[in-house]
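Architecture at a glance
Single-letter residue listing:
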Amino acid sequence: MSDAKLDISVVVPLYNEAESLPELIAWIDRVAAANALTYETIFVDDGSSDDSWAVIERLAATYPAVRAIRFGRNYGKSAALYCGFEAARGEVVFTMDADLQDSPDEIPEMRRMIVEEGYDLVSGWKKWRHDPVGKRWPSKFFNWTARAVSGIRLHDFNCGLKAYRRKVVKSIEVYGEMHRYIPILAERAGFRRIGEKVVDHRARKYGASKFGMERMLKGYLDLITVSFLSRFGRSPMYFFGGLGTLMFLFGGATTVWVIGAKIWKQMHGLPLRAVTDQPLFYLAILAVILGVQLFLAGFLGELIDRNSGDRNKYLIDKTL
């Protein structure tokens, strides 16, 4: 296939999904043909231990639009998406899971929202889910927290079915478990036209879910990380320096107050207590020390950031 840009790219991260792949690519191919879309499907095999890669090789011989990346071991969904985004050539880039729970029939309408309505990103919303209660309710709480922290009004951050303008996926870096927060990463990168579409969520046909409850803990830790980095990643001194300054001033003022109170009591002949016998004095000294350390952490962070090779990466929308 040539390097010419295509109408759509469909990035499919997978791990041990050999049974579902033939049905998925046939479905995508039917949808693309019915809507006269040029397309590619990029399968990213995240270190599968079953026959997934052999199945992909057979499919590539049948469908010219199939491209594939195979990892030497399991790196996680974020790494798979990152490599898929790097390889994508479509004007609109889709992501979907390989387990057939995401419907390719949603592709034309989501693409229309990108192309005609001007959205940068359209996220699927699995309003009616075919998942057990033990998975649905934690997901609801997780999405509520993500909305509160980010200010982005999406109902389902974790839906695997999303559509992106090409420029979006080429401008963000997905790592760790950040695939859940791509809308936040996109918004922080300057892509603020984020839409949502109710999508069909199908019951799993083959195998079992590859995600356990530990992903909830990882998800919240990554939410803290992406929130912090998006606000202070380029200016760590604002956080560490500001907090350090407040602690230093508090500790210094408390120390002066403790010493001043002793002097005042001496002048008025009141009962005295040694400064070093007062716990408040040691708390004040601790606050001063921590304040200095936090300030230095912010200063070192600024030095590291200013010497990094990718500091001046800015989103340029237009030039004349």
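Described below are features of the structure shown in this document.

1. Description of the pattern of salt bridges
- Considering all chains together, one arrives at 11 salt bridges under this definition.
- In this structure, the salt-bridge partner of E116 is R112, at a minimum N-O distance of 3.7 Å.
- Overall, E116 belongs to the exposed group, its relative accessible area being 61%.
- Here R188 ties to E187 by a salt bridge, and the two come within 2.4 Å at their closest N and O atoms.
- Through salt bridges that share partners, E109, R112, E116 and E117 make up one connected network.

2. A look at the pairing of strand β6 (residues 162-165)
- Two elements, strand β4 (residues 90-95) and β6, share four bridges in a ladder whose sense is antiparallel. Looking at β6, one finds that F94 is bridged to A163.
- Relative to β6, strand β5 (residues 121-125) runs antiparallel, the two being bridged by three bridges. Paired with V122 across the two strands is A163, which belongs to β6.

3. What about the packing of helix α1 (residues 21-34) against helix α2 (residues 52-62)?
- As a packed pair, α1 and α2 sit with axes 10 Å apart at the nearest point and diverge in direction by 35°. As for how α1 packs across α2, the hand of that crossing is right-handed. From α1, L21, P22 and I25 reach across to α2, where they touch S52, V55, I56 and L59.

4. Here's the deal with the packing of aromatic side chains
- Going through the model one piece at a time under the given rule, you end up with four aromatic pairs.
- Ring plane angle 75° and centroid distance 5.5 Å describe the contact between F281 and Y282, whose orientation is recorded as edge-to-face.
- Judged by its relative accessible area of 47%, Y282 is partly exposed.
- Cation over ring: R193 sits above Y119, and NZ or CZ is 5.0 Å from the ring centre.

5. A word on the pairing of β4
- In terms of burial, β4 is a largely internal element, five of the six residues being buried.
- Pairing analysis gives five bridges linking strand β1 (residues 6-14) to β4, with the strands arranged parallel. Bridge pairing in β4 places L6 opposite G90.

6. Side note on the sheet that holds strand β7 (residues 194-198)
- Strand order in the open sheet formed by seven strands is β3-β2-β1-β4-β6-β5-β7, and the pairing between neighbours is mixed. Edge positions in the sheet fall to β3 (66-70) and β7, since each of these pairs with one other strand and no more. Pairwise comparison of adjacent strand axes, ignoring direction, gives a mean angle of 20° for this sheet.
- Helix-sheet contacts for helix α3 (residues 77-87) involve β1, β2 (39-45), β3, β4 and β6, and the interaxial angle to β1 is about 155°.

7. A few points about unusual backbone geometry
- If you check the backbone angles, A36 has positive phi at about 55° while not being a glycine.
- Taking relative accessible area as the criterion, A36 reaches 66% and is therefore assigned exposed.
- The phi dihedral of L100 is positive, around 70°, even though this residue is not glycine.
- Relative to the assigned elements, L100 resides in the loop between β4 and α4 (107-115).
- Residue classification places L100 among the buried positions, given a relative accessible area of 4%.

Quick notes on the rules
- Throughout, residues of each chain are indexed from 1 in the direction in which the sequence is written.
- Whole-chain, interface and lining totals are the exception, using all residues; otherwise, since this is a predicted model, local features are given only for residues with pLDDT of at least 70 and side-chain atom pairs are given and counted only at 80 or more.
- Side-chain measures here rest on the full set of heavy atoms in the structure, leaving out hydrogens and waters.
- Throughout this description, the term salt bridge denotes a Lys or Arg side-chain nitrogen within 4 Å of a carboxyl oxygen of Asp or Glu.
- To sort residues, take the accessible area from a 1.4 Å probe on protein chains only and compare it with the maximum for the residue type: under 20% means buried, over 50% means exposed, and anything in between is partly exposed.
- Only strands joined by at least two bridges in the DSSP assignment are considered to pair.
- Here a helix means four or more residues in a row that DSSP labels H or I, a strand means two or more in a row labelled E, and each is numbered from the N terminus.
- Note on definitions: angles span 0 to 180 degrees between N-to-C directions of axes, and those axes are lines fitted to C-alpha atoms, for helices only across the stretch in contact.
- Rotating anticlockwise by less than a right angle from the far helix to the near helix defines a left-handed crossing, while the corresponding clockwise rotation defines a right-handed one.
- Residue contacts are defined here by distance: any two heavy atoms, one from each residue, within 4.5 Å place the two residues in contact.
- Stacked, edge-to-face and tilted are the three classes for Phe, Tyr and Trp ring pairs, Trp counted by its six-membered ring, which pair at centre distances within 6.5 Å; planes under 30 degrees apart are stacked, over 60 edge-to-face, the rest tilted.
- Lysine NZ or arginine CZ positioned within 6 Å of the ring centre and within 35 degrees of the ring normal marks a charge as sitting over the ring.

Take it as geometry only, folks, not as evidence of what the structure does.
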